[in-house]
Structure formats: C-alpha cells, structure tokens
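Results of the structural survey
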Amino acid sequence: TLEDRLLLKIFSFLTAWNVLSSAQTNRALFGRVDALFGIGSSVKIPEKAPKKQPTRAKGRSQLNAQTAAAIASKLSASEIKGIIALDDAARKLELECAALRAEKEDLSAGLAGP
C-alpha cells in the first residue's frame, strides 16, 4: 500500500472525475479517497473486500454525460460537494503547474543565452 502522501501526489495529476473513477475500482481505495478528501460517504468498508477479477476500461478516459449522470445519481450531496471541491483544487493545481512550466522555460532560455 502507498503512503497517503504518495497517493496524494499521484492524485494531483488527475482530474476529480479520474480520482472518483479510480476510487470505484475497489472498496479499500474508495475508503482511502473518502478519508483523504473528506467526502463523508456512508458506504461501509469491510475489513476484507472479496477478490474480484480486474476489469479494464476500454475507450476514452473522459466520462461522458450519461456515465457522469449515472454516477452522480448514486452519490449523496456531500459526496458530490467533495468531488466538486476536489475538481476545483485540481484545476488550481493545473494552472499553477502551467505557470511553473512557463517560468521554467523562461529561466532555461535565459540560461542558454543568445
């Protein structure tokens, strides 16, 4: 199992929807996402989840409107609020990363000289 700090680092590269999708892979990961982001889910996490054969998603990584609506219909208001907060935080981090990348390019160009 990954430490929380490493898991958060991985999640920092994902959108809120992708974090939610990854949390749906098993109950243990859902419990960790719930605890890390304070979603406040009422889902009970058993001590040992039954083993399932992993399934691989085919096609696009983005959720379409129908899939998003199906997921949203199964979530409580506090869970949706948590996902929206996570998505907002991810967007802010993406903007910060873009600014840092631009700054890095400027500094690299300055060091390279004319």
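Residues numbered from 1 in each chain as written. Predicted model: local features only at pLDDT ≥ 70, side-chain atom pairs only at ≥ 80, totals over all residues. Heavy atoms only, no water.

Across its full length, the protein carries five helices and zero strands. N-terminal to C-terminal, the α/β element order of the protein is α-α-α-α-α. Expressed as a percentage of its 114 residues, the buried residues of the protein come to 19%. Once local pairs closer than 6 in sequence are excluded, the contacts in the protein between residues at least 24 apart make up 54%. On the protein, roughly 9,200 Å² of surface is accessible, and the fraction owed to carbon and sulfur atoms is 58%. (Helix = DSSP H or I, 4+ residues; strand = E, 2+ residues; numbered from the N terminus. Buried < 20%, exposed > 50% of the residue type's maximum accessible area, 1.4 Å probe, protein only. Contact = heavy atoms within 4.5 Å. Areas by Shrake-Rupley, 256 points an atom, 1.4 Å probe, with all protein chains shown as cover.)

Another aspect to go through is empty space enclosed by the protein. Inspection of every chain in the model, using the stated rule, returns one cavity of 30 Å³ or more. Taken together, Val 19, Leu 20, Ala 23, Phe 30, Val 33, Ile 39, Ile 83 and Leu 86 make up the lining of the largest cavity. Looking at the lining of the largest cavity, the elements with two or more residues in it are helix 2 (16-23), helix 3 (27-37) and helix 5 (77-112). Top contributing element to the lining of the largest cavity by residue count: helix 2, with three residues. For the lining of the largest cavity, the residue count by class is eight nonpolar, no polar and no charged. (1 Å grid on protein atoms, 1.4 Å probe; cavity = no way out; pocket = protein on both sides within 12 Å on 5 of 7 lines; lining within 4 Å. Points joined across faces, edges and corners; volume = space filled by probe spheres on them. Nonpolar A, V, L, I, M, F, W, Y, C, P; charged D, E, K, R; others polar.)

Remark: helix 1 (residues 4-11) packs on helix 3, axes separated minimally by 11 Å, with the N-to-C direction vectors making an angle of 90 degrees. Judged on the interaxial angle alone, helix 3 and helix 1 are roughly perpendicular. Residues Asp 4, Leu 7, Leu 8 and Phe 11 of helix 1 form the contact with helix 3, whose participating residues are Leu 29, Arg 32, Val 33, Leu 36 and Phe 37. Taken together, the residues of the contact of helix 1 with helix 3 break down into seven nonpolar, no polar and two charged. (Axes fitted to C-alpha atoms, helices over the stretch in contact; angles between N-to-C directions. Parallel < 35°, antiparallel > 145°, perpendicular 65-115°, else oblique.)

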